[in-house]
Number of protein chains: 2
Amino acid sequence: VIKSDLSGIFDPKSVAVVGVSSKGPGPQFGGADFVDALLSCGFKGNIYPINPKGGEVLGLKVYPSLRDISGPVDYVICCIAAPQVPQLVEDCAAKSVKGIQIYTGGFSESGTEEGKRLEQEIAALVSQNGIRVIGPNCVGIYCPRTGLAFLPDFPSDTGPVAIISQSGGNSFYIVREGAKRGIRFSKVISYGNACDVNESDLLEFLADDKDTKLIGAYVEGVKDGRRFVRVLEEAAKAKPVIVLKGGIGEAGARAVASHTGALVGSDEAWDGLLRQLGAIRAYSLEELIDMAVTFYYLPSVLGRKVSVVGGGGGSSVLSTDDCTNAGLIVPRFPVAIQDKLKGYMEKGSIGVILSNPVDLSDQGWGALDDCIKTILGYEGIDLAILQFGAGSIPRSDVLKAIGASFVDTLVEISRESTKPVVIVVHSLISDDSWWVATEVERRCGEVGIPFYHSLRNAARAISRFLDYHERNSRWNL
Amino acid sequence: VIKSDLSGIFDPKSVAVVGVSSKGPGPQFGGADFVDALLSCGFKGNIYPINPKGGEVLGLKVYPSLRDISGPVDYVICCIAAPQVPQLVEDCAAKSVKGIQIYTGGFSESGTEEGKRLEQEIAALVSQNGIRVIGPNCVGIYCPRTGLAFLPDFPSDTGPVAIISQSGGNSFYIVREGAKRGIRFSKVISYGNACDVNESDLLEFLADDKDTKLIGAYVEGVKDGRRFVRVLEEAAKAKPVIVLKGGIGEAGARAVASHTGALVGSDEAWDGLLRQLGAIRAYSLEELIDMAVTFYYLPSVLGRKVSVVGGGGGSSVLSTDDCTNAGLIVPRFPVAIQDKLKGYMEKGSIGVILSNPVDLSDQGWGALDDCIKTILGYEGIDLAILQFGAGSIPRSDVLKAIGASFVDTLVEISRESTKPVVIVVHSLISDDSWWVATEVERRCGEVGIPFYHSLRNAARAISRFLDYHERNSRWNL
């Protein structure tokens, strides 16, 4: 039997969610939450909640079983207990369902013989009838173009970033944090135990997917090493692929085995492999997102000479160190530029640093706009990093004013500048600082400016982004 | 002239703040903010705001000049413009003031000849009359025992941690973030350009200070390298000393020169020096605080075997990796312990991991308390790390419930356990997640449990803490 390709599972015209509590969503995540997510994300086709008791949930009629649905069902989200799943797969085959996402856990990852047997039984059933299965033990697919989603707070608009994640929780965080920073997604797939559709299938599909320009992957282990290497190499040639490998050493491997039942390789092997194949290895979930943000916004032709602008003095010193340590260059401004900056400061301003880094301290914020324009206008600078440590600002009213001037300035910059600016708000200590950081982050997302939570992480992500493009441009010679 | 020792500057009976705006505190930080901080921190002696116009500020009478104060003045906070400072120093000498903190900037750090000359003039003046000067270009002293403070939101109760910081902004952040996590301070000194009292004076004093059990230092450069080495070695023998060095490479040195006028050494030289002297080098402000939290709460006799407890699966895998990478051990639980944990789970719970890491997923939170007790009761574990990634929790109501069960459990643990527990709440993405993290952090501070914002940082700080004690116990053989 030749397996059907994957495009069908992203484009269902109708979805049945099997195992929907009549109480509606939550508190424990389950079927009704999937229905909620489909509705919130604007799924256009029919949604059929299923529960033997019938009734209604979230304004939709609940069907007693798959057989009771008169129209076709393309896609099934399975939230019933593991022992009942093989029967459901047979019902799906009878109904000509194209894809099943099995949320249910308790299969091979449980370590029990019964769990392993059930998973094998499902894999054998679907290999006979061409149904594609995502999971089991996963939250499935988010595809805003068609309105498939697994959390109601996901954006309903689409974008060029695809994510594959062996962990549901990690995919929640990646989408939410990415979305806050303005990233939009083509397809996000949480694929769990991968009894049918696995990481290689997904990478192969996404490498060719015209809606996808960048791939991020959280992988705990691979089913078929040789195929994975071949597929990853092709994908990394087609577009940037950022890989976070979970499960290091004996303890990590044990955690992975209990989590998704995957087999892991050594850390060093992964390091060498990813480098050789031209993929980018991320070493934390934060770095995966920071790298995605960087690739999303920054132009591939970019130099390493940065200006660090913000406050106060200690933050400026440490931020400059972070840039230097990451491999960026913080060049000294010529006297003419320093004099021009000085002209913008309030009369008698002291405690400001103008040679690069530029520390505006308490006093120069009113001139942020003029300063940034002058800095970006200087030919010796490729990129400006605006930063402030909220916890270092003495007063909350000043903190809020700085936040507001950041937002005004960034809107202005996004209209006018040909050179990129990135923004870092760090060292949050109070509700006000959270609020300011969130507001700046939101506006950055709206106008298309990369936002980071730490200068060290920003500098590292930008430098690794430059490394990637420098290497690729060498290859292209 | 033999300089008077430093104890006097921490124990003034009266403080004059020179240069207090009649408009009261803010928006730009200045004299009235120092008055506000002294009042808020409960300074017991007389506070004399000074402004030639007189009037009243924050309910206190404003004096036109130092000479107009009839009683003695022990300590002066100087917030007037740089050119007027030498005259003020002479007035202070006439009034037998013991210490002056010069907030004013525009001295050597400005790079101007005039600024350097003024700073030298002040240094020469005070060396003749025994007054000790903190600064210029600094926010001075926080000493809750006597009520000296430079921000009104600092705690008014005292504790064993001392901080010296060449940056005012960094000292703001260290105290605020430390205080949120329950740290209390003996003395915090922001010392700026250090024209009189410098890093070596302060380290020497704090090494002998009976109220101080741990010293943290943010240092940009040193005035007298040989003395610093001698003093640091003695201090590090007396108590743990954690040093964050700001100003790496040419750009960092330039930033430092403009910030505090200090001369820096090479990064490698600092690395070698600190290791040799038995001090602990922190590589970021976050690490300085994380190390301080770790030393503050954890017992010096502690092993490396940890249990990672929390949710969900992906977080558990990555958290285990973070522990392993940091040099901690995450041992597999014996079957008997796993079975005991399983007994606490809701009937039919799936998707939980019980072999260590322990992933309670959505379903095991109700049993957190029993699980932690069982884990801490197991002889193969030295320490439990409770963690959850807020952004990976599907629903806000569940997030809040998990936060609440963390708080209940940690109060319980703090009463009963003989083995330490640390808590990490990470991956904040929403206002609710900020709220939960802040609430858990606050309660941890109240009951004395170390709280961290990232598992990687927690694991690294704990491992470096263990390194320190292992090395010191070897020395003690």
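Residues numbered from 1 in each chain as written. Chains lettered and ligands numbered in written order. Predicted model: local features only at pLDDT ≥ 70, side-chain atom pairs only at ≥ 80, totals over all residues. Heavy atoms only, no water.

Asks: What is the right way to look at the overall build of chain A in this model?
Replies: Regarding its fold elements, chain A presents 16 helices and 18 strands. On C-alpha atoms alone, chain A measures out to a radius of gyration of 25 Å, which is about the 23 Å that the 2.2 N^0.38 rule sets for 477 residues. Seen through its principal axes, chain A has C-alpha atoms that stretch 80 × 50 × 40 Å. By residue count, 63% of the 477 residues in chain A fall in the buried class. Nonlocal contacts in chain A, meaning residues at least 24 apart in sequence, comprise 75% of its contacts between residues at least 6 apart. Accessible surface, chain A: about 17,200 Å² in total, of which carbon and sulfur atoms supply 51%. The centroid of the 48 positive side-chain charges in chain A is displaced by 3 Å from the centroid of its 56 negative side-chain charges. (Helix = DSSP H or I, 4+ residues; strand = E, 2+ residues; numbered from the N terminus. Rg over C-alpha atoms; globule rule 2.2 N^0.38 Å. Buried < 20%, exposed > 50% of the residue type's maximum accessible area, 1.4 Å probe, protein only. Contact = heavy atoms within 4.5 Å. Areas by Shrake-Rupley, 256 points an atom, 1.4 Å probe, with all protein chains shown as cover. Lys, Arg positive; Asp, Glu negative; His and termini not counted. Charge placed at Lys NZ, Arg CZ, Asp CG, Glu CD.)

Asks: Teacher, can you tell me more about the packing of aromatic side chains here?
Replies: Note on aromatic pairs: each is described by the distance of the centres and the angle between the planes. Taken as a whole and judged by the stated rule, the model has 33 aromatic pairs over all chains. Arranged with centres 5.2 Å apart and planes meeting at 75°, the rings of F150 of chain B and F154 of chain B form a pair that is edge-to-face. Residues F150 of chain B and F154 of chain B agree in their burial class; the two are buried. Within the aromatic cluster, the residues linked to one another by ring pairs are F29, F34, Y103, Y142, F150, F154, F172 and F185 of chain A. For K187 of chain A, the ring lying beneath its charged end belongs to F10 of chain A, and the centroid distance is 5.6 Å. (Phe/Tyr/Trp six-rings, centres within 6.5 Å; stacked < 30°, edge-to-face > 60°. Lys NZ or Arg CZ within 6 Å of the ring centre and 35° of its normal.)

Asks: Would you take a moment to explain the sheet that holds strand β16 (residues 383–389) of chain B for this structure?
Replies: Hydrogen bonds between backbone groups are what pair the strands of a sheet, and the pairing can be parallel or antiparallel. All names here are of chain B. The sheet built from five strands is open, its strands ordered β15-β14-β16-β17-β18 with parallel pairing. Every other strand in the sheet has two partners, leaving β15 (358–359) and β18 (451–452) as the edge strands with one partner each. Two strands pair when backbone bridges link them, and strand β14 (residues 306–311) and β16 are joined in this way by six bridges, in the parallel orientation. Following the sheet pairing, G310 is matched in β16 by Q387. Running over the sheet, helix α11 (residues 313–326) touches β14, β15, β16 and β17 (421–426) and is turned about 155° from β14. (Pairing = 2+ DSSP bridges. Axes fitted to C-alpha atoms, helices over the stretch in contact; angles between N-to-C directions.)

Asks: I tried to follow the sheet that holds strand β8 (residues 140–142) of chain A on my own but got confused; where do I start?
Replies: All names here are of chain A. Spatial ordering of the open sheet is given by β8-β10-β9-β11-β12-β13, a layout of six strands whose pairing is mixed. At either margin of the open sheet sits one strand with a lone partner, and together these are β8 and β13 (280–282). Strand after strand, the sheet turns through a mean of 15° between neighbouring axes, direction not considered. Of the pairings in the sheet, the one linking strand β11 (residues 214–219) to strand β12 (residues 241–245) comprises five bridges and is parallel in character. Pairing of V219 across the sheet is with K245, part of β12.

Asks: Where do I start with the relation of the copies chain B and chain A in this structure?
Replies: For the pair of chain copies, the relating transformation is a rotation about an axis with a translation along it. Turning chain B through 180° and shifting it by 0.0 Å along the axis lays it on chain A, with an RMSD of 0.0 Å. In short, the pair behaves as if placed about a two-fold rotation axis. For chain B, the residue whose C-alpha comes nearest the rotation axis is W434 of chain B, separated from it by 3.7 Å. Looking at the interface residues of chain B, 100% of them are also at the interface in chain A, so both copies use one shared face. (Least-squares fit on C-alpha atoms with pLDDT ≥ 70 in both.)

Asks: What is the right way to look at the side chain of T294 of chain A in this model?
Replies: All names here are of chain A. Tracing the backbone shows T294 in helix α10 (residues 285–297). T294 gets classed as buried once you look at its relative accessible area, which sits at 0%. The contacts of T294, once residues within four sequence positions are left out, are Y452, A461, I462 and F465.

Asks: Explanation requested: the interface of chain B and chain A in the structure shown.
Replies: Accessible area lost during the coming together of the parts is what is often quoted as the interface size. Each partner contributes residues to the interface: chain B has 70 residues there, and chain A has 70 residues. Taken together, both faces of the contact between chain B and chain A bury some 5,400 Å²; the carbon and sulfur share is 56%. Taken as a group, R254, I429 and W434 of chain B account for 13% of the area that chain B buries against chain A, more than any other trio of residues on that side. Linking chain B with chain A are two salt bridges, by the criterion used here. One salt bridge in this structure joins R395 of chain B and D33 of chain A, with 2.9 Å as the shortest N-O distance. At the surface where chain B touches chain A, the tally comes to 20 residue pairs in polar contact (both at pLDDT 80 or more). Within the residue set of the side of chain B that touches chain A, elements represented by two or more residues are α5 (168–180), β12 (241–245), α8 (249–260), α10 (285–297), α11, α14 (396–416) and α15 (431–447) of chain B. Considering each element in turn, the side of chain B that touches chain A owes the most residues, nine residues, to α11 of chain B. Its residues assigned to classes, the side of chain B that touches chain A shows 28 nonpolar, 26 polar and 16 charged. (Buried area = accessible area lost by both parts, 1.4 Å probe. Salt bridge = Lys/Arg side-chain N within 4 Å of Asp/Glu carboxyl O. Polar contact = N/O pair within 3.5 Å; in protein donor to acceptor, adjacent residues only side chain to side chain. Nonpolar A, V, L, I, M, F, W, Y, C, P; charged D, E, K, R; others polar.)

Asks: Explain the pairing of strand β16 (residues 383–389) of chain A to me, please; I cannot follow it from the model alone.
Replies: Two faces belong to every sheet, and in a regular strand the side chains alternate between them. All names here are of chain A. The buried fraction of β16 amounts to seven of the seven residues, a majority that puts the element mostly inside the structure. Every second residue of β16 is oriented toward a common face, with L383, I385, Q387 and G389 on one face and A384, L386 and F388 on the other, all of them buried. Summarising the sheet, β16 and strand β17 (residues 421–426) pair through six bridges and their orientation is parallel. Looking at β17, one finds that Q387 is bridged to V424. In the classification by handedness, the crossover that spans β16, the intervening helix α14 (residues 396–416) and the parallel β17 is right-handed. (Right-handed = clockwise from strand over helix to strand, strands pointing away.)

Asks: Sorry if this is basic, but what is going on with the state of the cysteines here?
Replies: By definition, a disulfide links the sulfur atoms of two cysteine residues through a covalent bond. One pass over the structure, following the stated rule, counts zero disulfides over all chains. There is no disulfide at C444 of chain A, and the cysteine sulfur nearest it, in C323 of chain A, is 17 Å away. (Disulfide = S-S within 2.5 Å.)

Asks: When you look at the pattern of salt bridges in this model, what are you seeing that I'm missing?
Replies: Note on pairing: side chains with opposite charge can pair once their charged atoms come close. For the coordinates displayed, the defined rule picks out 78 salt bridges over all chains. Residue R442 of chain B is joined to E446 of chain B by a salt bridge in which the shortest nitrogen-to-oxygen separation is 2.5 Å. One end of the pair, R442 of chain B, and the other, E446 of chain B, are both in helix α15, four residues apart, so they sit about a helical turn from each other. Salt bridges linked by common partners bring D11, R145, K187, D209, K210 and D211 of chain A together as one network.

Asks: Quick question: what am I supposed to make of the pairing of strand β14 (residues 306–311) of chain A here?
Replies: Residue and element names in this part refer to chain A. A large share of β14 lies buried, amounting to six of its six residues. The alternating pattern of β14 places V306, V308 and G310 on one face and S307, V309 and G311 on the opposite face, and all of these are buried. Here β14 runs beside strand β15 (residues 358–359); their pairing, made up of two bridges, is parallel. The partner of G310 across the bridge, within β15, is D359.

Asks: Would you mind going over the packing of helix α5 (residues 168–180) of chain A against α10 of chain A with me for this structure?
Replies: Angle between the axes and distance between the axes are the two parameters that describe a pair of packed helices. All names here are of chain A. The interhelical angle for the contact between α5 and α10, taken along N-to-C directions, is 40°, at an axis separation of 10 Å. The hand of the α5/α10 crossing is right-handed. Packed against α5, whose contacting residues are N170, Y173, I174, E177 and G178, the element α10 presents L285, E286, L288 and I289 at the interface. Considered class by class, the residues forming the contact of α5 with α10 number five nonpolar, two polar and two charged. (Left-handed = near helix turned anticlockwise from the far one by under 90°.)

Asks: How should I be thinking about helix α13 (residues 368–377) of chain A in this particular structure?
Replies: Side chains of residues three or four places apart in an α-helix project in the same direction, reflecting 3.6 residues per turn. For α13 of chain A, the set of buried residues is L368, C371, I372, T374, I375 and L376 of chain A. Elements that come into contact with the buried residues of α13 of chain A comprise β14, α12 (335–344), β15, β16, α14 and β17 of chain A.

Asks: When you look at the environment of W270 of chain B in this model, what are you seeing that I'm missing?
Replies: All names here are of chain B. If you trace the backbone, W270 turns up in helix α9 (residues 267–277). W270 sits in the buried class, given a relative accessible area of 6%. Measuring from C-alpha to C-alpha, the distance between W270 and T374 comes to 44 Å, with 104 residues separating the pair along the chain. Sequence-distant contacts of W270, that is, excluding residues within four places in its chain, are made with V219, V222, F228, V243, K245, G265 and R281.

Asks: Looking at this model, I keep getting lost on helix α7 (residues 225–238) of chain B. Mind explaining?
Replies: Residues and elements named next belong to chain B. When the terminal C-alpha atoms of α7 are compared, their 20 Å separation across 14 residues agrees well with the 20 Å that a helix rising 1.5 Å per residue should span. Among all positions in α7, only R227, F228, V231, L232, A235 and A236 are buried. The arc that holds the buried residues of α7, viewed along the axis, is 155°, so those residues lie on one side. Residues of α7 that are exposed and point more than 90 degrees away from the buried face comprise R226, R230 and K237. The backbone nitrogen of R226 lies 3.3 Å from a side-chain oxygen of the residue at the head of α7, namely D224. (Expected span 1.5 Å × (residues − 1). Arc of directions from axis to C-beta.)

Asks: Could you clarify how one ought to interpret the confidence of the model for chain A in this entry?
Replies: For residues with low pLDDT, the predicted coordinates do not support detailed interpretation. With 96% of its residues at a pLDDT of at least 70, chain A reaches an overall mean of 92. With a pTM of 0.95, the predicted complex shows an ipTM of 0.95. (pLDDT = per-residue confidence, 0-100.)

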